[in-house]
Amino acid sequence: METTRQAVAQAPGAESGQQVPSARRTVDGYLRAPFPWYGLDEEFSGPRWLMRVGMAADGAVEHGSVGHGDEPSVRNEHTAGGDKDAKEKFAVVVTVAANPVRHSADGTGVLEATSVSSAAWLAGVGLLSFTWPGQMDHSLRDDWLEQQTETAWVLADDLDGPHWSTLSLPVDGAPTTFHYRESEFGWVLAGSTERGVHLGAYGRGMSAYGLGFAAIKDITAYAQAG
């Protein structure tokens, strides 16, 4: 999970909390992935849009996200209140390739295996990228984000701990157990599929309890929708 953590920590935009520029919403990276992408199933009839993919140093696609609903911006209108107060209703699905421990492309090191914890951490950090307590001075946001990112890391590394519950949701039509947690900023969940990927998801204003996930048949449809 360390490799995944470093990749996200270096990703532009996460620290700024701004919307993903359309220039980065290219479908090319998604098409290069050797694994299936997941999104919400056909029960969801709202907007769908691309976000970004994460790559290893050798250019291999390792993970990526797709969005559903309202495209989120930084939440700084209020600090709590839950879904009923959220002005934006969205759910983002994160797909992570289920990789074993493996040698790096240059043969000089070993890359850690990805796991459900990897998906949980990516989802937790994704939610943070659109979060900013309204009472906080802008100059303190970087410190706050660093602290909360570390917290997300600790929580993702303890999926059997008291901060997580379990939730059964359909994946490709089959009931699947997810680790689930809520906070004042939204919800995060993570689980695995039978198709060689781990799934993470996060959202706000849209209940996680009614969601279902399915492999995306045509990822270019998300590009056209976005």
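Treat the numbers as computed from the prediction; the structure is a model and nothing was measured.

(A) How the structure looks around the overall build of the chain. Helices and strands together make up the secondary structure of the chain, namely 5 helices and 11 strands. Taking all 226 residues of the chain together, the buried fraction comes to 53%. Sequence-distant contacts in the chain: of pairs separated by 6 or more residues, those separated by 24 or more amount to 65%.

(B) How the structure looks around the packing of aromatic side chains. One pass over the structure, following the stated rule, counts 7 aromatic pairs. One aromatic cluster is present, formed by Y30, F35 and W37 through successive ring pairs.

(C) Inspection of the pairing of strand β9 (residues 186-192) at higher detail. Taken across its 7 residues, β9 has 6 buried, putting it largely inside the fold. Pairing of strand β8 (residues 174-183) with β9, which is carried by 5 bridges, proceeds in the antiparallel orientation. Looking at β9, one finds that R181 is bridged to V188. A loop of 2 residues connects β8 with β9, the two strands running antiparallel in sequence. By the bridge criterion, 6 bridges tie β9 to strand β10 (residues 197-204) in an arrangement that is antiparallel. Residue pairing across strands places A190 opposite G200, the latter belonging to β10. Between β9 and β10, which pair antiparallel and follow one another directly, the connecting turn spans 4 residues, one of which, G196, has a positive phi of 80 degrees.

(D) Structural detail: the pattern of salt bridges. Summed over the entire model, instances satisfying the criterion amount to 2 salt bridges. The partner of E42 in a salt bridge is K217, and the shortest N-O contact between them spans 3.8 Å. Linking E42 in the loop between β1 (38-40) and β2 (48-55) with K217 in the loop between β11 (213-215) and α5 (220-225), this pair joins segments that are 175 residues apart in sequence. For the pair formed by E42 and K217, the shared burial category is exposed. Here E88 ties to R204 by a salt bridge, and the two come within 3.5 Å at their closest N and O atoms. Taken as a pair, E88 in the loop between β3 (61-69) and β4 (90-97) and R204 in strand β10 lie far apart in primary sequence, 116 residues in all. Its relative accessible area of 18% is what places E88 among the buried residues.

(E) Representation of the environment of L167 in the model. Counting through the fold element by element, L167 comes out in strand β7 (residues 165-171). The sequence separation of L167 and A190 amounts to 23 residues, and the corresponding C-alpha distance is 9.6 Å. Contacts of L167, omitting those with residues within four sequence positions, involve T176, T177, F178, Y180, L189, A208 and Y209.

(F) Just the nonpolar core, in detail. Grouped together as the largest cluster of nonpolar side chains are 61 residues, with contacts concentrated most on Y30, W37, L189, Y202, F213 and I219. Tallying contributions element by element places helix α3 (residues 116-128) first for this core, with 9 residues.

(G) Inspection of the side chain of S65 at higher detail. Within the secondary structure, S65 is located in strand β3. Judged by relative accessible area, which is 14%, S65 ranks as buried. Those residues within four positions of S65 in sequence are excluded, and the remaining contacts are Y30, L50, M51, R52, V92, V93 and V94.

(H) Structural detail: the confidence of the model for the chain. With 73% of its residues at a pLDDT of at least 70, the chain reaches an overall mean of 80. Confidence drops under a pLDDT of 50 for residues 1-24, and excluding neighbours within four residues, the segment shows 52 contacts in the predicted structure. A low-confidence stretch, residues 76-84 stays under pLDDT 50, and its non-local contacts, those more than four residues away or across chains, total 18 contacts.

Calculation criteria
- Once a new chain begins, its residue numbering starts again from 1 and follows that chain's sequence as written.
- Under the rules for a predicted model, residues below a pLDDT of 70 receive no local features and side-chain atom pairs below 80 are neither given nor counted, while totals for whole chains, interfaces and linings still include all residues.
- Each side-chain value is worked out from all heavy atoms of the structure, with water and hydrogens disregarded.
- For the purposes of this entry, the term helix denotes a DSSP run of H or I that reaches at least four residues, the term strand denotes a run of E that reaches at least two, and both are numbered from the N terminus.
- Burial classification: accessible surface area is computed with a 1.4 Å probe over protein chains only, and a residue below 20% of its type maximum counts as buried, one above 50% as exposed, and the rest as partly exposed.
- The contact rule is simple, with two residues in contact once any of their heavy atoms fall within 4.5 Å.
- Note on ring pairs: Phe, Tyr and Trp rings are taken, using the six-membered ring of Trp, and paired if centres are within 6.5 Å. Classes follow the plane angle, with under 30 degrees stacked, over 60 edge-to-face and the rest tilted.
- Strand pairing is defined by DSSP finding a minimum of two bridges between the two strands.
- Only one rule defines a salt bridge in this text: a Lys or Arg side-chain nitrogen within 4 Å of an Asp or Glu carboxyl oxygen.
- Here, nonpolar core means buried Ala, Val, Leu, Ile, Met, Phe, Trp, Tyr and Cys residues that are tied together by side-chain atoms lying within 4.5 Å of each other.
- pLDDT measures how confident the predictor is about each residue, on a scale from 0 to 100.

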